[in-house]
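Structural overview for review
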Protein chains: 2
Amino acid sequence: MTTIRDVAERAGVGIGTVSRVLNGSQGVSNRTRERVERAIAALGYRPSPAARALSRGRASTIAVTAPFLTRPSVVERIRGVVAGLDASEYDLSLATVETPEQRQRRIVGLCQRDRADGAILISIPPTPDELETLRTVGVPVVVVDAVTEGLPCITIDNILGGRMATEHLLELGHTRIAFLGDAPDARFAFTSSDDRRAGYLAALADAGVDADPDLVVSGEHSREAAAELAGRLLDRPAPPTAIFTASDTQALGVLEAARARDLEVPGQLSVVGFDDIEIASFVGLTTVRQPLYETGRRAAELLLAVLEGTGPRTGARIDIPLTLVPRLTTGRPRTRATRRRPAH
Amino acid sequence: MTTIRDVAERAGVGIGTVSRVLNGSQGVSNRTRERVERAIAALGYRPSPAARALSRGRASTIAVTAPFLTRPSVVERIRGVVAGLDASEYDLSLATVETPEQRQRRIVGLCQRDRADGAILISIPPTPDELETLRTVGVPVVVVDAVTEGLPCITIDNILGGRMATEHLLELGHTRIAFLGDAPDARFAFTSSDDRRAGYLAALADAGVDADPDLVVSGEHSREAAAELAGRLLDRPAPPTAIFTASDTQALGVLEAARARDLEVPGQLSVVGFDDIEIASFVGLTTVRQPLYETGRRAAELLLAVLEGTGPRTGARIDIPLTLVPRLTTGRPRTRATRRRPAH
DNA sequence: TTGAAAGCGGTACCAG
DNA sequence: CTGGTACCGCTTTCAA
């Protein structure tokens, strides 16, 4: 392995000079610089990241922590982060958190100085304890898809999103509108589902529609669980004419449930999702679009700014706008003549 | 920031001893060990990864290089890698390659010793040049979803997969079977699409069915491009009764094209995909299932074994079995009475 | 069993 | 403008 010393020797200079050339520092004559550059090229020399990290006290790495790569929305955000970091000199270290132990390990891991110079937390707001630790260590952190007091956050107005979806359904004439979201999860303090539900309730209230508590259900964030839940909703004596779900993934589950019961969508059931993941357009799913990729990219850019000294280290909140994307799963309600049996 | 010296001082021992405790080395009395451990806990000390990397000559990091996080199959493989690495002491450094420049940078980046101790290349077989470089540097590499002479590879039999899909269609009675795959891409030497086509052709030949060159098309690997391509196929005077695509993503595009033309699936058109990505079951897509997650996990385990000295550094090829998953998009062919016009 | 000291490969300061 | 040198924080060898 060739080191900076080899280069210095071959170029007939001191290692300090080589280092200067390497870092583009001022104060190297052109002649010398060229000589060094030739030596570097000839030897195919590449500086050791570890040595550099140790010496500079920074790792040139950014840690990205996210839950569940199974969620398209998370992946899309990560894509954005990757893109935002691409032009930079930073490597991206990826960790996923699916269990409390992992959470402990990952978040505390960030606190190791010189493991990462900064972190992007996707959908994982740090607990007060974790926040405290992060703060004392001084690693800059940007939070995506969650709000954490005192940390820059890239987020959306979930309450508004919930309103948008619900108002869309109300405008179409629905009044029996169900909400299907995530069950509270002690491990992660995901709040987006709750906020979307709050928006849903607010929209109903504003419209003077009584919210039927029986129409608000929640479960595991998966297509299967959503299908199950939706099935129960649809099998009620007085089923909803529309279902708003906290995510597109869950909306797909609802569509499955409807299909299993031979229900026409949107004729007999309207469905609104949230996120606008890639498959939503294929399915023709009406949804509340949030620019997922964008949030990741912005987070990366923001963190980079913070690392450069520009940019806020605290509390800035960037709100990304939402759009309702009407597609084929929503329409005017049409009462079902009779209860249907599931198809074959 | 507390260092090993602080710990040593507090415990009243030398730094060598602390290091031994840290690394579980032999030759530390229990009394001393406990004292040191107490000091570590009291100080909340965590060793610096950079210093450790420099000193040990290894980074405790594994580099994962993959193209396009937009492809569900790639993400699923990465999920597997993440899982396979979870219990290990290795961090995962993720890089994506979408352009030739990135490719250069990423793959050469691996050659910086002590940036990564090993690498997993997903769907990106190194060029001979790159292979040579990797080899001289000595970074252990495992290749997933590609075959590279001299490197351990986790792969599937794409030719067989192509056969399986095609034979399924032949058995149903189809003879006008189209193949829709990836256009050759100079940037990456993806071969799976070509291999699947080879299997398709072989199956046709074996069945004594003449392959119609007009029914073999290729384009960009995306739903949109596939929809476009499939549209042209379906608008021919003598359209195919079945289409086998090189991926599920492309199969979705085909389904879109069929839907746009109001074609019944599988009545008027059968569709077989490849991969069995998550959404395939929702769509009811008949497909050739490859255990994507599994390949990632196996790759991680294999690489870990290599790093431990167990495991082959060269040429082992692990072939993961495929399964045909018949769902709702394939059935017996039924000639279309007349050419249909696209529905509004 | 333990402490001291020599690196690991850079960066950056200091004197010249 | 340049060379020499003192660290950066840890691992590991060598004596004691």
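Residues numbered from 1 in each chain as written. Chains lettered and ligands numbered in written order. Predicted model: local features only at pLDDT ≥ 70, side-chain atom pairs only at ≥ 80, totals over all residues. Heavy atoms only, no water.

Some remarks on the packing of aromatic side chains
Residue and element names in this part refer to chain A. Using the following cut-off: Aromatic rings from Phe, Tyr and Trp, taking only the six-membered ring of Trp, are treated as a pair when their centres fall within 6.5 Å; an angle between ring planes under 30 degrees marks them as stacked, one over 60 as edge-to-face, and anything in between as tilted. Numbering of helices and strands starts at the N terminus; helices are DSSP runs of H or I of at least 4 residues and strands are runs of E of at least 2. Exposure classes here rest on a 1.4 Å probe applied to the protein chains alone. A residue is buried below 20% of its type maximum, exposed above 50%, and partly exposed in between. Criterion for a charge above a ring: Lys NZ or Arg CZ within 6 Å of the ring centre, and within 35 degrees of the ring normal.
Applying the stated criterion to the full structure yields 10 aromatic pairs over all chains. Judged by centre distance (5.5 Å) and plane angle (65 degrees), the ring pair of Phe179 and Phe244 falls under edge-to-face. Residue Phe179 is located in strand 6 (residues 177–182), and its partner Phe244 is located in strand 8 (residues 242–245); the two are separated by 65 residues in the primary sequence. Of the two residues examined, Phe179 and Phe244, each falls in the buried class. Three or more aromatic residues link up through ring pairs in this structure, and these residues are Phe179, Tyr200, Phe244 and Phe274. For the cation-ring pair, Arg196 lies above Phe274, with the distance from its terminal atom to the ring centre recorded as 3.7 Å.

Re the pattern of salt bridges
Put simply, the rule is: Any carboxyl oxygen of Asp or Glu that lies within 4 Å of a side-chain nitrogen of Lys or Arg is treated as forming a salt bridge with it.
Under the criterion given, the structure shown has 42 salt bridges over all chains. Put simply, Glu301 of chain B and Arg297 of chain B hold a salt bridge, and the shortest N to O gap is 2.3 Å. Linking Glu301 of chain B with Arg297 of chain B, this pair stays in helix 13 (residues 292–307), spanning 4 residues, or about one helical turn. The exposure class of Arg297 of chain B is partly exposed, given its relative accessible area of 22%. The network of salt bridges with shared partners includes Asp86 of chain A together with Arg105 and Arg106 of chain B.

Topic: helix 13 (residues 292–307) of chain A
Residues and elements named next belong to chain A. To keep things clear, this is the line we draw: Under the convention used throughout, the expected extent of a helix is 1.5 Å for every residue step, that is, one less than its residue count.
For helix 13, spanning 16 residues, the distance from its first C-alpha to its last is 23 Å, which sits close to the expected 22 Å at 1.5 Å a residue. Those residues of helix 13 lying buried are Leu292, Thr295, Gly296, Ala299, Ala300, Leu302, Leu303, Leu304 and Val306. Following helix 13 by one or two positions, Gly309 adopts a phi angle in the positive range, close to 95 degrees.

Focus: empty space enclosed by the protein
Put simply, the rule is: Cavity: a set of points on a 1 Å grid over the protein atoms alone where a 1.4 Å probe fits but cannot get out. Pocket: an open set with protein on both sides within 12 Å along at least five of seven lines, its lining residues, like those of a cavity, having an atom within 4 Å of a point. Grid points are joined across faces, edges and corners, and a volume is the space filled by probe spheres set on the points. Only Asp, Glu, Lys and Arg are considered charged, only Ala, Val, Leu, Ile, Met, Phe, Trp, Tyr, Cys and Pro nonpolar, and every remaining residue, Gly among them, polar.
Inspection of every chain in the model, using the stated rule, returns 3 cavities of 30 Å³ or more. Here the largest cavity defines a volume of roughly 60 Å³. In this structure, the largest cavity is lined by Leu69, Val75, Ile78 and Leu94 of chain A together with Leu69, Val75, Ile78 and Leu94 of chain B. The residue inventory of the lining of the largest cavity, partitioned by class, reads 8 nonpolar, no polar and no charged.

Section: the interface of chain B and chain A
What counts here: By the convention used here, residues are in contact when the closest approach between their heavy atoms is within 4.5 Å. Two parts placed together each lose some accessible area under a 1.4 Å probe, and the buried area is that loss summed for both. In protein, a polar contact requires one atom able to donate a hydrogen and another able to accept it; more generally it is a pair of N or O atoms within 3.5 Å, and residues adjacent in sequence count only if both atoms are side-chain atoms.
Each partner contributes residues to the interface: chain B has 41 residues there, and chain A has 41 residues. A combined buried area of about 3,800 Å² lies between chain B and chain A, and 55% of that area is made up of carbon and sulfur atoms. Looking only at chain B, the three residues that lose the most surface to chain A are Asp86, Arg223 and Phe282 of chain B, adding up to 17% of its buried area. At the boundary of chain B and chain A, one finds 8 salt bridges. For Asp86 of chain B, the salt bridge identified is with Arg105 of chain A, shortest N-O distance 3.4 Å. The interface formed by chain B and chain A holds 16 residue pairs in polar contact (both at pLDDT 80 or more) in total. Secondary-structure elements contributing two or more residues to the side of chain B that touches chain A are helix 4 (49–56), helix 5 (72–86), strand 2 (91–96), helix 6 (100–110), helix 10 (223–234), helix 11 (248–260) and helix 12 (278–283) of chain B. Of the residues assigned to the side of chain B that touches chain A, the class counts are 19 nonpolar, 8 polar and 14 charged.

Re the protein's contact with DNA strand C
Stated formally: For this description, a residue counts as near a given molecule or strand if any of its non-hydrogen atoms is within 4 Å of it.
Neighbouring residues of DNA strand C: 28 residues in total, closest Ile4, Ser19 and Ser55 of chain A together with Thr17 and Thr32 of chain B. Protein-proximal atoms of DNA strand C, defined as those within 4 Å of the protein, fall in sugar or phosphate at a share of 56%. Here a base nitrogen of DNA strand C sits 3.2 Å away from a polar atom, N or O, in the side chain of Arg5 of chain A. For DNA strand C, a phosphate oxygen lies 2.8 Å from a polar atom in the backbone of Gly14 of chain B. Within the residue set of the surface near DNA strand C, elements represented by two or more residues are helix 1 (4–11), helix 2 (15–23) and helix 4 (49–56) of chain A together with helix 2 (15–22) and helix 4 of chain B.

Quick word on the domain arrangement of chain A
Residues and elements named next belong to chain A. Put simply, the rule reads: Each domain's extent was defined by an automatic or database domain assignment.
We note that the domain assignment places domain 1 (4–47), domain 2 (61–156 + 292–321) and domain 3 (158–289) within chain A. For domain 2 and domain 3, the distance between their C-alpha centres works out to 29 Å. Counting residues at the interface gives 15 residues for domain 2, matched by 12 residues for domain 3. Buried surface at the junction of domain 2 and domain 3, both sides included, amounts to about 1,100 Å², of which 60% is carbon and sulfur. Among the residues domain 2 hides against domain 3, the three largest losses belong to Arg71, Ile156 and Leu292. Together they make up 37% of the total. In this assembly, domain 2 and domain 3 are joined by 0 salt bridges. Linking domain 2 with domain 3 are 1 residue pair in polar contact (both at pLDDT 80 or more), by the criterion used here. At the level of elements, helix 5 (72–86) and helix 6 (100–110) are the ones that each hand at least two residues to the side of domain 2 that touches domain 3. Looking at the side of domain 2 that touches domain 3 residue by residue, the class counts come to 9 nonpolar, 3 polar and 3 charged.

Topic: the sheet that holds strand 10 (residues 286–289) of chain A
Residues and elements named next belong to chain A. Heads up, the rule is: By this definition, two strands are paired if DSSP reports at least two bridges between them. Inter-axis angles, ranging from 0 to 180 degrees, are taken between N-to-C directions of lines fitted to C-alpha atoms, where helices are fitted over the stretch in contact.
Within the open sheet, the 6 strands sit side by side as 7-6-8-9-10-12. Their pairing is mixed. In the strand order of this sheet, the two ends are held by strand 7 (216–219) and strand 12 (323–325), each with one partner. Between one strand and the next, the sheet's axes are offset by a mean angle of 20 degrees, whatever the strand orientation. As paired strands, strand 8 and strand 9 (residues 270–275) are joined by 3 bridges and run parallel to one another. Paired with Phe244 across the strands is Val272, a residue of strand 9. Strands strand 6, strand 7, strand 8, strand 9 and strand 10 of the sheet are contacted by helix 11 (residues 248–260), whose axis makes an angle of about 160 degrees with strand 9.

Brief notes about the relation of the copies chain B and chain A
Using the following cut-off: Here the copies are matched by least squares. The fit uses the C-alpha atoms of residues with pLDDT of at least 70 in both.
Relative to chain A, chain B is turned by 180 degrees and slid 0.0 Å along the rotation axis, the superposed coordinates differing by an RMSD of 0.1 Å. Here the symmetry operator amounts to a two-fold rotation axis. Closest to the rotation axis within chain B is the C-alpha of Ser93 of chain B, separated from it by 2.2 Å.

A few points about the sheet that holds strand 6 (residues 177–182) of chain B
Residue and element names in this part refer to chain B. Strand order across the open sheet formed by 6 strands is 7-6-8-9-10-12, with mixed pairing between neighbours. With one partner strand each, in any of the chains shown, strand 7 (216–219) and strand 12 (323–325) form the two edges of the open sheet. Along the sheet, successive strands turn relative to each other by an average axial angle of 20 degrees, direction set aside. Relative to strand 7, strand 6 is paired through 4 bridges, and the arrangement is parallel.

So, the packing of helix 5 of chain A against helix 13 of chain A
Residue and element names in this part refer to chain A. Rules: When an angle is under 35 degrees it counts as roughly parallel; over 145 it counts as roughly antiparallel; between 65 and 115 it counts as roughly perpendicular; any other value is oblique. Crossings are classed by handedness, with left-handed meaning an anticlockwise turn of the near helix from the far one by less than a right angle and right-handed meaning a clockwise turn.
Remark: helix 5 packs on helix 13, axes separated minimally by 6 Å, with the N-to-C direction vectors making an angle of 40 degrees. With respect to helix 13, the element helix 5 is oriented oblique. Here helix 5 runs over helix 13; the crossing is right-handed. Side by side, helix 5 and helix 13 meet where Ser73, Glu76, Arg77, Arg79, Gly80, Val81, Ala83, Gly84 and Leu85 of the first sit next to Leu292, Tyr293, Thr295, Gly296, Arg297, Ala300 and Leu304 of the second. Class assignment for the residues of the contact of helix 5 with helix 13 results in 7 nonpolar, 5 polar and 4 charged.

Side note on the pairing of strand 1 (residues 61–66) of chain B
Consecutive side chains of a regular strand alternate in pointing toward one face of the sheet and then the other. Residues and elements named next belong to chain B. This is how the line gets drawn: The handedness of a crossover follows from its direction of travel: if, with the strands pointing away from the viewer, the path from the first strand over the helix to the second runs clockwise, the crossover is right-handed.
In terms of residue burial, strand 1 counts as a mostly covered element, since 6 of its 6 residues are buried. Along strand 1, one buried face is formed by Thr61, Ala63 and Thr65 and the opposite face, lined by Ile62, Val64 and Ala66, is buried too. Judged from the 6 bridges that link them, strand 1 and strand 2 form a sheet pairing that is parallel. Within strand 2, the residue paired with Thr65 across the bridge is Ala95. Once the chain exits strand 1 it traverses helix 5 before rejoining the sheet at strand 2, and the crossover so formed is right-handed. Pairing of strand 1 with strand 3 (residues 118–122), which is carried by 4 bridges, proceeds in the parallel orientation. Each residue of the ladder has a partner; that of Ala63, found in strand 3, is Ala119.

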